Amino acid sequence: MQNIRQSIRSIYDNYGARGLWHGTNAGILKTVPKYCTAIVIKDYMEHHVLPIIDPNVARDEDTMTGSVQYDILLRSAFKSASAGVAGGGVFKTPPV
């Protein structure tokens, strides 16, 4: 096949419309648990691990985390990294 259009046409001609969705169930079965795990980990990190940021609290200018925006960004990065490691590590798909 030289392009996506020819590939789709070939699949449709050989297997019909159902052929276009071949493998979708397996993709869903491996993806849904990974994302559910990631959401649980992000929620857990949000409420139990990372400190709560209160923008109304005065900050000490001498500290590294002097800005609320920096704290929020850092918190988000920690949550996302943890969720990615947990979701990707627990439900790792074998290489093809």
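Cut-offs used in this document
- Residues numbered from 1 in each chain as written.
- Predicted model: local features only at pLDDT ≥ 70, side-chain atom pairs only at ≥ 80, totals over all residues.
- Heavy atoms only, no water.
- Helix = DSSP H or I, 4+ residues; strand = E, 2+ residues; numbered from the N terminus.
- Buried < 20%, exposed > 50% of the residue type's maximum accessible area, 1.4 Å probe, protein only.
- Contact = heavy atoms within 4.5 Å.
- Areas by Shrake-Rupley, 256 points an atom, 1.4 Å probe, with all protein chains shown as cover.
- Expected span 1.5 Å × (residues − 1).
- Polar contact = N/O pair within 3.5 Å; in protein donor to acceptor, adjacent residues only side chain to side chain.
- Salt bridge = Lys/Arg side-chain N within 4 Å of Asp/Glu carboxyl O.
- pLDDT = per-residue confidence, 0-100.
- Patch = residues over 30% accessible without salt bridge, like charges linked within 9 Å, V, L, I, M, F, W, Y side chains within 5 Å.

It is not clear to me how the overall build of the chain should be interpreted in this structure. Could you clarify?
Secondary structure assignment for the chain yields 3 helices and 0 strands. Each helix and strand of the chain, placed in order from N terminus to C terminus, yields the pattern α-α-α. Residues counted as buried form 12% of the 96 residues belonging to the chain. Contacts in the chain between residues far apart in sequence, at least 24 positions, make up 55% of those at least 6 positions apart. Total accessible area on the chain is roughly 8100 Å²; 61% of this is exposed by carbon and sulfur atoms.

Help me understand helix H1 (residues 4-15) in this model?
Each α-helix turn comprises 3.6 residues. Residues three or four places apart therefore point the same way. Between its terminal C-alpha atoms H1 stretches 16 Å, which fits the 16 Å expected from 12 residues at 1.5 Å a residue. The backbone nitrogen of Arg 5 has a side-chain oxygen 3.1 Å away, supplied by the residue at the start of H1, namely Asn 3. Trailing H1 by a residue or two, Gly 16 shows a phi angle of about 80°, which is positive.

Explanation requested: the pattern of salt bridges in the structure shown.
Side chains that carry opposite charge are capable of pairing whenever their charged atoms lie near each other. Considering all chains together, one arrives at 3 salt bridges under this definition. Here Glu 46 ties to Arg 75 by a salt bridge, and the two come within 2.8 Å at their closest N and O atoms. Taken as a pair, Glu 46 in helix H2 (residues 24-49) and Arg 75 in helix H3 (residues 68-90) lie far apart in primary sequence, 29 residues in all. Judged by relative accessible area, Glu 46 falls into the partly exposed class, the value being 27%. On the basis of relative accessible area, Arg 75 is assigned to the buried category, the value being 10%. Residues Glu 46 and Lys 79 are paired through a salt bridge, measuring 2.5 Å at the closest nitrogen-oxygen approach.

Please clarify how the confidence of the model for the chain should be interpreted in this entry.
If pLDDT is low for a region, its predicted coordinates should not be looked at in detail. For the chain, per-residue confidence averages 78 on the pLDDT scale, and 76% of positions sit at 70 or higher. The least confident element of the chain, judged by mean pLDDT, is H3 at 80; the most confident is H1 at 92.

I tried to follow the environment of Glu 46 on my own but got confused; where do I start?
Distance in space between the C-alpha atoms of Glu 46 and Phe 78 is 9.6 Å, their sequence separation being 32 residues. Not counting the four nearest positions on each side in its chain, Glu 46 is found in contact with Arg 75 and Lys 79.

What exactly am I supposed to notice about a nonpolar patch on the surface here?
A surface patch of nonpolar side chains, amounting to about 780 Å² of accessible area, comprises Ile 4, Ile 8, Ile 11, Tyr 12, Tyr 15, Leu 20 and Trp 21. The topology assignment puts Trp 21 in the loop between H1 and H2.

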